[in-house]
Amino acid sequence: MLSLLFLCLPQAADSAQLPIHQELTQADWRAAAKGQGRFLFAAPMSFRSLGVWSSRAMDGVQIAHPKPHGQTPTAWPLVGQPDLTEVPGFPGPAGQRWVSALVHFPQNQTSSVVLSLPPSLAAMALQGDLSCALVWVPVNPLAAAQLPQTRAVGKPSVYARTSWGADPPQCSAGYCTTTHVAMHHTASASEYVSTSWSECASNVQANQAYHMYTRGWCDIGYNYLICPHGDIFEGRGGGDDVVGAHDGANCGSMGVAFMGYFHSPHNQSLTQVMQNAFIDLAAWKCDQQNIDPLGSAWYAGYGANMSTVYGHRDVSSTACPGDLAYANLPQLRVQIEQKIQSGGSVDLILDNATASYSGTWNTGTSAAGKYGSDYRWASTGTALARALWSPGIPQSGTYEISLWWPAGSNRSPQTPIGLLVGGRLYQGSVNQQQAGGQWNVLGQISFASGATPVLGIENTGPSGYVVVADALRLRKL
Ligand SMILES: [Zn+2]
Ligand SMILES: [Zn+2]
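So, how was this worked out
- Residues numbered from 1 in each chain as written.
- Chains lettered and ligands numbered in written order.
- Predicted model: local features only at pLDDT ≥ 70, side-chain atom pairs only at ≥ 80, totals over all residues.
- Helix = DSSP H or I, 4+ residues; strand = E, 2+ residues; numbered from the N terminus.
- Buried ≥ 20, exposed ≤ 12 C-beta atoms within 10 Å, placed from the backbone.
- Contact = placed C-beta atoms within 7 Å.
- Pairing = 2+ DSSP bridges.
- Axes fitted to C-alpha atoms, helices over the stretch in contact; angles between N-to-C directions.
- Core = buried A, V, L, I, M, F, W, Y, C linked by C-beta atoms within 7 Å.
- Domains from an automatic or database assignment.
- pLDDT = per-residue confidence, 0-100.

So, on to the overall build of the chain. Helix and strand content of the chain: eight helices and 27 strands. Across the 477 residues in the chain, those meeting the buried criterion constitute 45%. Contacts in the chain between residues at least 24 apart in sequence constitute 76% of all its contacts with a sequence separation of at least 6.

Dropping the structure here:
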């Protein structure tokens, strides 16, 4: 049954490994038992994410990645999503309602997990009365470029599918005029604690693999996903206004998922940058389609009127997007309206090619975590070398300033940064040995419309290192 399901699926476009389903038998549970409800399962391959399917609620179940001796493993309480539709061909009793959950581990070479079950479930497992399957989702190499798409006016920077290594959809795209914006969460708590852009991108990729090769959908369900760092990832392939699979109605709605678990028992809460990203995305779409974010309209796929910006639970029986995210909806609608009234968003990304340089700089391409195709670097302890960006400010307001660099052990731990605004110089430094491959916020500052601030990086830190000039971002708040 299981192998038939796989045979029906076309091969992925690249050499990416597909997830492996392992239906757990009574013998598997007995072999894995370590006492006190703990079960150690060895993976059939190196994996990064683990899906768990069960015919029972998973409340009280915990999953942990065994760590070397003496270290405390991080245990994730598993809470399933009971509102999923059954996958045809999935093993287990026919007609049974399954719950599933997905957990990601930041380490790449993970080879085993520990499942901790409450006593009643553990007893059922050992007696062969629990239908349960593990889905091992492999590490897939990310496509290199982390470059956002070219931005249309008013559209926030979005990381395209190529940046997170999407597999091509296995169906043709359908289109509906967008009238609504739906809020979801991914119900995966481990996504919320991710610490880097590349971890978030891998999580998006694992979600797609899980949606496609486990649930049998033709692509990732959401139109967009927002990570805890406020980065927006393109979801469903096909471009603007493509119909996703996110709330059962779909036609006319742009599905946006916050990556995390904003409900009991995890009770994570939306970061400010996640909310900003949602506002940017919704304001762009509402402005483009003349949608009133404070009103309601006919939702074609649903066949009734619905608030134009709604939560998944408004149209389906589900906790999604979680109490804590849902509570933000009224305020977010107001902020979306304010954003439209103020003329949209400004989000300037300046790659190293747009900077000017003095002194001796080299072009590098080999460092992991670079922005775009290359970066510039200069040695410390040599003649003064400066990289300067001088963006024009299109709208007055408060801007968040961020820098991106590829980290490395030979980078200067004190790379000097200077910002010249209206004759005033602000100075600081960053440690380029750390926090590579992501936007690092330097601070916020107000600019007048038409201002031309100058931001510079120089090689005057401690000698024996290199400083890197890669990319600068100015985002209006
Ligand atoms: Zn949802
Ligand atoms: Zn992120």
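Read across the sheet, five strands follow the order 11-10-12-9-15 without closing on themselves; strand pairing throughout is mixed. Pairing within the sheet leaves two strands with one partner each, and these edge strands are strand 11 (232–234) and strand 15 (309–311). Mean inter-strand twist for the sheet, computed between neighbouring axes without regard to direction, equals 25°. The sheet contact formed by strand 10 (residues 224–226) and strand 12 (residues 253–258) spans three bridges and is parallel. Paired with Leu225 across the strands is Ala257, a residue of strand 12. Here helix 8 (residues 329–341) sits on the sheet and contacts strand 9 (180–185) and strand 15; the angle it forms with strand 15, its principal contact strand, is near 160°.

Here the focus is unusual backbone geometry. Between Ser264 and Pro265 the backbone carries a cis peptide bond, its omega angle lying at 0°. Relative to the helices and strands, Pro265 resides in the loop between strand 12 and helix 6 (272–289). Phi is positive for Asp241, which is not a glycine, with a value near 65°. As for its position among the elements, Asp241 is in the loop between strand 11 and strand 12. Judged by the 17 C-beta atoms lying within 10 Å of it, Asp241 is partly exposed.

Where burial is concerned, the two faces of strand 4 (residues 61–64) differ: the one with Val61 and Ile63 is buried and the one with Gln62 and Ala64 is not. Pairing of strand 4 with strand 5 (residues 75–78), which is carried by four bridges, proceeds in the antiparallel orientation. Looking across to strand 5, one finds that Ile63 is bridged to Trp76.

Relative to the assigned elements, Leu117 resides in the loop between strand 7 (110–116) and helix 3 (119–126). Taking the C-beta count within 10 Å as the criterion, Leu117 has 25 such neighbours and is therefore assigned buried. A C-alpha to C-alpha distance of 6.6 Å links Leu117 and Gln62, two positions 55 residues apart in sequence. Apart from residues lying up to four places away in sequence, Leu117 is in contact with Gly37, Val61, Ala122 and Ala125.

The next subject is the nonpolar core. Counting residues in hydrophobic clusters, the biggest one holds 88 residues, and the most contacted among them are Leu50, Leu225, Ile226, Val256 and Ala282. Mapped onto the domain boundaries, this core takes at least three residues apiece from domain 1 (2–138) and domain 2 (161–341). Counting 25 residues, the second largest nonpolar core, distinct from the first, contains Ala367, Tyr375, Trp377 and Trp389.

Here Ala209 shows up in helix 5 (residues 197–214). Ala209 gets classed as buried once you count the C-beta atoms within 10 Å, which come to 26. Considering only alpha carbons, one finds Ala209 and Asp219, ten residues apart in sequence, at a separation of 8.4 Å. In this structure Ala209 touches Pro19 and Val137, once residues within four positions along its chain are discounted.

Below, the discussion takes up the confidence of the model for the chain. Parts of the model with low pLDDT should not have their predicted coordinates read in detail. Taken as a whole, the chain shows an average pLDDT of 84; of its residues, 87% reach a score of 70 or greater. Counting contacts from residues 149–153, a segment whose pLDDT is below 50, to residues more than four positions away or on other chains yields three contacts.

Mapped onto the fold, Ile20 is located in strand 1 (residues 20–23). Here Ile20 falls in the partly exposed class, since 18 other C-beta atoms lie within 10 Å of it. Each C-alpha atom, one on Ile20 and one on Trp136, is 5.2 Å from the other, the two residues being 116 residues apart in sequence. Contact partners of Ile20, with chain neighbours within four places excluded, come to Pro44, Met45 and Trp136.

The next point concerns the sheet that holds strand 20 (residues 386–389). Across the sheet, which stays open at both edges, the five strands sit in the order 17-20-25-22-23 with antiparallel pairing between neighbours. Only two strands of the sheet have a single partner each, and these edge strands are strand 17 (356–358) and strand 23 (424–430). With strand direction ignored, the average angle separating the axes of adjacent strands in the sheet is 20°. Relative to strand 20, strand 17 runs antiparallel, the two sharing three bridges. The residue of strand 20 that forms the bridge with Ser356 is Leu388.

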